[in-house]
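Descriptive structure summary
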Amino acid sequence: MVKRFGAEFSPDGRSQPGAKPSPLASAKPSRHKLRLLILFLLPLPLVFLGLGKPPLAMAVDFTAAATLILAAWLLQEGLKAENAFNDRKIARRPAFPRKICASVLTGIGIALATMDGLSGIPGAALYGIVGGILHSFSFGIDPLRDKGMEGIDTFQTERVATALDKAEGYLAEMKDAALRAGDRGVMARVDRFQTTARVMFRTVEEDPRDLSAARKFLGIYLVAARDATVKFADLFAQTRDAQTLADYDALLTDLEASFEAKREKLLVADRSDLDIEIEVLRDRLKRDGLLIND
């Protein structure tokens, strides 16, 4: 069944009058989509070419195809992890270097695909090494260092990084659940809520002291939003009930308002702390006779 697109900028989309532009609105879309698609498709001819060969040669071609497809999948996951790393101000490096492993597997796959018996091993190895190096130059390597943790209390930054990793996991599960609803308008609505939530994430990253005050929003409220999305998606996929959709939209609207209100309070608290520090410093300078009055 054809579904009308119902996102914010569609002809009948729902926009939010007076909404403030999000700091995340200018985020760059995912890169390398076309090249990733090509990397997934290129190994397929090896499967058909291997069908008419002797068993050993056929096994080599099948292994080469599987290795190249696995490399493309690892590269895709590595790019996702890198995008998430770049979007955050405080982040740990990926635990598993997916892009580096993708380059290694690409080299192995190319070597297997170009090998012609035992006599062709040196040439195949050369092709594989060159292919792996070119792959690394084309897509880069994984981040190898933590970001935003220099010169800051390690314990605090670790707490923030762990809390935000969990919060991002809740958002990912929420989006996966929304996919089951089978409605583009629902997906756009969930994306809008996630943008609001991530604005708070960035606020906490900028001042790790805000973590304690925002912990309920990063945990309990997101878990509740995820669970509500799971139940809504299962019900809406079966009934397509307009009232159910309206209730879910109202829930996300209330959550967005709560997240934004909490973020404003965090910013006000940060401003108050700064004002106090400035006043304390001015008083000390005045006592020491170093304050220059206009």
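About the criteria used
- Residues numbered from 1 in each chain as written.
- Predicted model: local features only at pLDDT ≥ 70, side-chain atom pairs only at ≥ 80, totals over all residues.
- Heavy atoms only, no water.
- Helix = DSSP H or I, 4+ residues; strand = E, 2+ residues; numbered from the N terminus.
- Buried < 20%, exposed > 50% of the residue type's maximum accessible area, 1.4 Å probe, protein only.
- Contact = heavy atoms within 4.5 Å.
- Areas by Shrake-Rupley, 256 points an atom, 1.4 Å probe, with all protein chains shown as cover.
- Expected span 1.5 Å × (residues − 1).
- Polar contact = N/O pair within 3.5 Å; in protein donor to acceptor, adjacent residues only side chain to side chain.
- Salt bridge = Lys/Arg side-chain N within 4 Å of Asp/Glu carboxyl O.
- 1 Å grid on protein atoms, 1.4 Å probe; cavity = no way out; pocket = protein on both sides within 12 Å on 5 of 7 lines; lining within 4 Å.
- Points joined across faces, edges and corners; volume = space filled by probe spheres on them.
- Nonpolar A, V, L, I, M, F, W, Y, C, P; charged D, E, K, R; others polar.
- pLDDT = per-residue confidence, 0-100.
- Core = buried A, V, L, I, M, F, W, Y, C linked by side-chain atoms within 4.5 Å.

1. Looking at the overall build of the protein chain
- A count of helices and strands for the protein chain gives 10 helices and zero strands.
- When the helices and strands of the protein chain are read in sequence order from the N terminus, they spell out α-α-α-α-α-α-α-α-α-α.
- Of all 294 residues assigned to the protein chain, the portion counted as buried reaches 34%.
- Restricting to contacts in the protein chain with at least 6 residues of sequence separation, those with at least 24 account for 72%.
- Surface summary for the protein chain: the accessible area is close to 18,100 Å², and the carbon and sulfur share equals 62%.

2. Description of helix α7 (residues 184–206)
- If you check α7, its first and last C-alpha atoms are 33 Å apart, about what 23 residues at 1.5 Å a residue would give, namely 33 Å.
- For α7, the N-terminal cap is D183; the gap from its side-chain oxygen to the backbone nitrogen of G185 is 2.8 Å.

3. What to know about the pattern of salt bridges
- Going through the model one piece at a time under the given rule, you end up with 13 salt bridges.
- One salt bridge connects R226 with D227, and the closest N-O pair in it is separated by 3.1 Å.
- A salt bridge links E260 to R263; its shortest N-O distance comes to 3.2 Å. One end of the pair, E260, and the other, R263, are both in helix α10 (residues 242–287), three residues apart, so they sit about a helical turn from each other.

4. Focus on the layout of surface pockets
- In this structure, the second largest pocket spans a volume of roughly 230 Å³.
- Every residue lining the second largest pocket is counted, 13 residues in all, and those nearest its centre are L39, L42, L68, T106 and I110.
- Among the elements that make up the lining of the second largest pocket, the one with the highest residue count is helix α5 (residues 121–139) (five residues).
- Split into classes, the residues belonging to the lining of the second largest pocket amount to nine nonpolar, four polar and no charged.

5. Quick look at the confidence of the model for the protein chain
- Per-chain confidence: the protein chain averages 78 in pLDDT, with 74% of residues scoring 70 or above.
- At the level of individual helices and strands, the protein chain shows its lowest average pLDDT in α10, which scores 74, and its highest in helix α4 (residues 98–114), which scores 92.
- Low confidence marks residues 1–29, where pLDDT is under 50. Its contacts with residues over four positions away, or in another chain, come to 31 contacts.

6. Observations concerning the environment of L267
- Its place among the elements puts L267 in helix α10.
- In this structure L267 comes out as partly exposed when scored by relative accessible area, which is 33%.

7. Points about the environment of F201
- The residue F201 is located in helix α7 in this model.
- Owing to a relative accessible area of 0%, F201 belongs among the buried residues under this scheme.
- With residues near it in sequence (within four places) discarded, F201 still touches L164, A167, E168, L171, L218 and L222.

8. With respect to the nonpolar core
- M174, V186, F193, F201 and L218 are the most contacted members of the largest nonpolar core, which totals 30 residues.
- Ranked by residue count, the leading element in this core is α7, at eight residues.
- Setting aside chain neighbours within four positions, we find L218 in contact with A163, L164, A167, Y170, M200, F201 and L211.
- Among the nonpolar cores identified, the runner-up in size contains eight residues, and A71, L79, A102 and L105 belong to it.

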